[in-house]
Amino acid sequence: MHRPGSGSGRHRQVLVAFLALALTTTLVVAAAPAAVSAPGLRKADRRVLRAVESGGTASYWAILRQKADLSGAGSIQGWTA
């Protein structure tokens, strides 16, 4: 037996299920840790990389081999951004 309006209710259920699946998929993908693949990371300690890849945190020292060009720093008027 066909009830009037029952087709739109089914359509709404399918739409809600699809939207819930799409939202869940998006959240899972967004929460997954990003793969580390930059060439400069070969210099990073593996323990730091493992901690960050698994969603954790790590403390580290960054050793800068070059010096910054600060020649224009004296002419900066406003130091607040």
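About the criteria used
- Residues numbered from 1 in each chain as written.
- Predicted model: local features only at pLDDT ≥ 70, side-chain atom pairs only at ≥ 80, totals over all residues.
- Heavy atoms only, no water.
- Helix = DSSP H or I, 4+ residues; strand = E, 2+ residues; numbered from the N terminus.
- Buried < 20%, exposed > 50% of the residue type's maximum accessible area, 1.4 Å probe, protein only.
- Areas by Shrake-Rupley, 256 points an atom, 1.4 Å probe, with all protein chains shown as cover.
- 1 Å grid on protein atoms, 1.4 Å probe; cavity = no way out; pocket = protein on both sides within 12 Å on 5 of 7 lines; lining within 4 Å.
- Points joined across faces, edges and corners; volume = space filled by probe spheres on them.
- Nonpolar A, V, L, I, M, F, W, Y, C, P; charged D, E, K, R; others polar.
- Salt bridge = Lys/Arg side-chain N within 4 Å of Asp/Glu carboxyl O.
- Patch = residues over 30% accessible without salt bridge, like charges linked within 9 Å, V, L, I, M, F, W, Y side chains within 5 Å.

## Quick notes on the overall build of the protein chain
Thinking step 1. Secondary structure assignment for the protein chain yields two helices and zero strands.
Thinking step 2. For the protein chain, the proportion of its 81 residues judged to be buried stands at 2%.
Thinking step 3. Accessible surface computed for the protein chain: about 8200 Å², of which carbon and sulfur atoms make up 61%.

## A few points about the layout of surface pockets
Thinking step 1. Computed from the structure, the largest pocket encloses a volume of approximately 290 Å³.
Thinking step 2. Lining the largest pocket, in full, are Gly40, Leu41, Lys43, Ala44, Asp45, Val48, Tyr60, Trp61, Ala62, Ile63 and Arg65.
Thinking step 3. Across the lining of the largest pocket, the residue classes tally to seven nonpolar, one polar and three charged.

## Some details on the pattern of salt bridges
Thinking step 1. Inspection of every chain in the model, using the stated rule, returns one salt bridge.
Thinking step 2. Salt-bridge contacts for Asp45 lead to Arg47; the nearest nitrogen and oxygen are separated by 2.9 Å.
Thinking step 3. Judged by relative accessible area, Asp45 falls into the partly exposed class, the value being 36%.
Thinking step 4. The exposure class of Arg47 is exposed, given its relative accessible area of 60%.

## Let's talk about a nonpolar patch on the surface
Thinking step 1. A grouping of Leu15, Phe18 and Leu19 is seen on the molecular surface, where their side chains present a nonpolar patch of about 310 Å² in accessible area.
Thinking step 2. Positionally, Leu19 belongs in helix α1 (residues 6-31).

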